[in-house]
Amino acid sequence: MKSELKATFRLALPLAIAQLSTYVMGIVDTACVGRVSAEDLAAVAIGNSVHWGFAALGMGVSLALDPLIAQAVGAKEPEAAWNWWRLGSRAAVMVGVPLVLLELLVAANLTWLGIDQELASLIFDYCIFRAPAMVFSLLFFVTRSYLQAHELTQPIVRAALVANVVNLVSDLLLVFGDVVLLELGLPGIGLEGYGALGVGFTTLLSSLVMVSIVALHAFRMRPARTVERQKSSTRTLLRLSVPLGLQQAAEAAMFSITAVAVGRFGAVDSGAHQVAMTCAAFAYMFALGISSATAVRVGQAVGAQRPGDVRRAGIAGAILAMAVMTCFATLFLAIPEPLAALLTDQP
């Protein structure tokens with residue numbers, strides 16, 4: 001068990017860092033608009049909640065691929081692993097595009113749910129660019145499943161870090177405009193501050209950068225011989241991804257419905273809710289990293305037909321997740337106000 005805990009931790013740490021890096025982009029977004037106005041902060045808060053209510057459905061594809069690709073790697077079948085990645089990429093696009101359209105439809109009619117017209121307009125402006133980013137995000141998660149199954153975590157971390165740099169620079173320019181350039185002693189270029197709209201565009205841009213980097217590494221690993229896609233593979237992916245996607249969507253729906261309900265009380269309450277949820281989700285990224293590492297370790301053991309290692313890997317993942325989340329829960333109880341002050345300067 002000690003050996004398994006070490007192996008899971010070694011794999012989980014870079015995956016958690018990569019997962020955290022992708023979420024840090026959202027934290028940077030929140031910190032930027034949190035210094036523009038309560039309305040822009042609320043627009044990003046509610047817009048993100050609407051977005052993840054739909055994006056969670058598509059997450060079932062990558063969650064299903066985690067064990068499937070890992071089992072192929074454990075069984076030393078690189079052609080099968082590559083085939084799963086190709087199938088998952090197609091599925092991500094086929095699922096993502098309709099979800100984008102549904103998100104935009106809901107975002108355009110939020111006044112029906114009691115959201116103020118001015119706030120609803122800001123939310124729609126944000127979702128115009130935030131929604132299409134969903135397709136790139138799903139492709140990133142699918143490709144991440146392929147790389148992590150081979151225990152190649154460096155490209156994933158690199159992609160997340162580069163995307164964070166792009167996101168930070170774009171946020172500063174598009175949220176605040178020339179103000180940032182002038183404060184740095186640089187000449188202005190006539191750039192306005194776009195608030196929530198600017199944040200949506202930076203998310204789209206950084207998502208594109210992130211998936212491009214990992215996809216390049218995946219293509220370099222293409223096996224010399226490939227196999228034709230089997231109908232049974234499609235059925236297997238659907239059988240696993242649909243219930244996983246529905247489970248994720250049900251979980252996300254609780255948060256989305258709550259965020260929209262809080263929005264009825266006004267921008268200040270909605271902004272406060274966003275700050276609290278950002279802190280909670282920050283901690284959750286570490287649990288997701290451990291989850292992905294555990295899925296890889298379990299999948300490899302299943303593929304190699306080592307039932308004892310399967311059970312051991314599952315228990316090790318549960319122990320690590322409980323330990324990490326207990327630490328974060330203690331931190332939130334001990335210093336809530338200093339944590340909130342990191343994200344907004346509005347009392």
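Residues numbered from 1 in each chain as written. Predicted model: local features only at pLDDT ≥ 70, side-chain atom pairs only at ≥ 80, totals over all residues. Heavy atoms only, no water.

A.B. asks: Account for the overall build of the chain, naming residues and giving values.
C.D. replies: Secondary structure summary: the chain contains 12 helices and zero strands in total. Tracing the chain from N to C terminus, the helices and strands come up as α-α-α-α-α-α-α-α-α-α-α-α. Against the globule reference of 20 Å for 347 residues, the chain gives a C-alpha radius of gyration of 21 Å, in line with a compact fold. Counting all 347 residues of the chain, 49% fall into the buried class. Pairs at least 24 apart in sequence give 83% of the contacts found in the chain among residues at least 6 apart. For the chain, the exposed surface amounts to about 16,300 Å²; the carbon and sulfur share of it is 68%. (Helix = DSSP H or I, 4+ residues; strand = E, 2+ residues; numbered from the N terminus. Rg over C-alpha atoms; globule rule 2.2 N^0.38 Å. Buried < 20%, exposed > 50% of the residue type's maximum accessible area, 1.4 Å probe, protein only. Contact = heavy atoms within 4.5 Å. Areas by Shrake-Rupley, 256 points an atom, 1.4 Å probe, with all protein chains shown as cover.)

A.B. asks: Lay out helix H11 (residues 307-334) with the relevant residues and their values.
C.D. replies: Compared with an ideal rise of 1.5 Å per residue, which puts 28 residues at 40 Å, H11 spans 42 Å between its outermost C-alpha atoms and is within 8% of the ideal. Elements in contact with the buried residues of H11: helix H1 (2-33) and helix H10 (267-303). (Expected span 1.5 Å × (residues − 1).)

A.B. asks: Any chance you could break down the confidence of the model for the chain for me, citing the residues and the numbers?
C.D. replies: Summarising the model, the chain shows a mean pLDDT of 85, and 95% of its residues fall at 70 or more. Across the chain, element-level confidence peaks in H11 with a mean pLDDT of 92 and bottoms out in helix H7 (residues 178-183) with 68. (pLDDT = per-residue confidence, 0-100.)

A.B. asks: Any chance you could break down the side chain of Thr278 for me, citing the residues and the numbers?
C.D. replies: Its place among the elements puts Thr278 in helix H10. Classification of Thr278 as buried rests on a relative accessible area of 2%. Once you skip the residues sitting within four places of it in the chain, Thr278 turns out to touch Tyr23, Ile27, Thr30 and Leu343.

A.B. asks: Could you give me a rundown of helix H6 (residues 154-176), with the residues and numbers involved?
C.D. replies: Taking 1.5 Å as the rise per residue, H6 with 23 residues should run 33 Å; its terminal C-alpha atoms sit 33 Å apart, in good agreement. For H6, the full list of buried residues reads Pro155, Ile156, Val157, Ala159, Ala160, Ala163, Asn164, Asn167, Ser170, Asp171, Leu174 and Val175. After H6 finishes, the residue Gly177 shows a positive phi value of roughly 70°.

A.B. asks: Talk me through the packing of H6 against helix H8 (residues 196-220); I want residue IDs and the actual numbers.
C.D. replies: Their axes nearest at 8 Å, the elements H6 and H8 cross at an angle of 160°. Taken together, H6 and H8 sit at an angle that is classed as roughly antiparallel. As for how H6 packs across H8, the hand of that crossing is right-handed. (Axes fitted to C-alpha atoms, helices over the stretch in contact; angles between N-to-C directions. Parallel < 35°, antiparallel > 145°, perpendicular 65-115°, else oblique. Left-handed = near helix turned anticlockwise from the far one by under 90°.)

A.B. asks: How would you summarise the layout of surface pockets if you had to cite specific residues and measurements?
C.D. replies: Estimates place the volume of the second largest pocket at around 320 Å³. Counting only elements with at least two residues in the lining of the second largest pocket, the list comes to helix H2 (38-74), helix H3 (78-107) and helix H9 (231-263). It is H9 that provides the largest number of residues to the lining of the second largest pocket, a total of seven residues. A per-class count over the lining of the second largest pocket returns 11 nonpolar, four polar and two charged. (1 Å grid on protein atoms, 1.4 Å probe; cavity = no way out; pocket = protein on both sides within 12 Å on 5 of 7 lines; lining within 4 Å. Points joined across faces, edges and corners; volume = space filled by probe spheres on them. Nonpolar A, V, L, I, M, F, W, Y, C, P; charged D, E, K, R; others polar.)

A.B. asks: Tell me about the pattern of salt bridges, residues and numbers included.
C.D. replies: Overall, the coordinates contain four salt bridges when judged by the stated rule. Salt-bridge contacts for Arg306 lead to Asp309; the nearest nitrogen and oxygen are separated by 2.6 Å. Look at the salt bridges and you will find they share partners, linking Glu4, Glu151 and Arg297 into a network. (Salt bridge = Lys/Arg side-chain N within 4 Å of Asp/Glu carboxyl O.)

A.B. asks: Please set out the packing of H1 against helix H5 (residues 133-149) residue by residue, giving values where relevant.
C.D. replies: Taken N-terminus to C-terminus, the directions of H1 and H5 make an angle of 165°; their axes are 13 Å apart at the nearest point. By the angle between their directions, the pair H1 and H5 is classed as roughly antiparallel. For the element pair H1 and H5, the recorded crossing hand is right-handed. Contact residues: H1 offers Leu11, Leu15, Gln19 and Thr22, while H5 offers Phe140, Phe141, Arg144 and Gln148. Looking at the contact of H1 with H5 residue by residue, the classes come out as four nonpolar, three polar and one charged.

A.B. asks: I'd love a proper account of the nonpolar core, names of residues and values included.
C.D. replies: Trp84, Ile115, Ile123, Tyr146 and Leu237 are the most contacted members of the largest nonpolar core, which has 73 residues in total. With five residues, the next largest nonpolar core counts Ile27, Val275, Leu339 and Leu343 among its residues. (Core = buried A, V, L, I, M, F, W, Y, C linked by side-chain atoms within 4.5 Å.)

A.B. asks: Give a description of empty space enclosed by the protein that names residues and reports values.
C.D. replies: Overall, the coordinates contain one cavity of 30 Å³ or more when judged by the stated rule. What the largest cavity holds in volume is close to 30 Å³. Forming the boundary of the largest cavity are His51, Trp52, Ala55, Met59, Met134, Ser137, Leu138 and Phe141. For the lining of the largest cavity, the secondary structure elements donating two or more residues are H2 and H5. A per-class count over the lining of the largest cavity returns six nonpolar, two polar and no charged.

A.B. asks: I'd like a description of a nonpolar patch on the surface, backed by residues and values.
C.D. replies: Where nonpolar side chains cluster on the molecular surface, the patch consists of Leu57, Leu238, Val242 and Leu246 and spans about 340 Å² of accessible area. The element that contributes the greatest number of residues to the nonpolar patch is H9, accounting for three residues. Looking at the element boundaries, Leu57 is found in helix H2. Overall, the relative accessible area of 33% leaves Leu57 in the partly exposed class. (Patch = residues over 30% accessible without salt bridge, like charges linked within 9 Å, V, L, I, M, F, W, Y side chains within 5 Å.)

A.B. asks: So what's going on with the state of the cysteines? Which residues, and what values?
C.D. replies: All told, the structure shown has zero disulfides when counted by the stated rule. Sulfur of Cys127: no disulfide; nearest cysteine sulfur belongs to Cys32 and is 18 Å away. Using a relative accessible area of 0% as the deciding quantity, one classes Cys127 as buried. Cys279 provides the cysteine sulfur closest to Cys327, a residue in no disulfide bond, and the two sulfurs are 16 Å apart. (Disulfide = S-S within 2.5 Å.)

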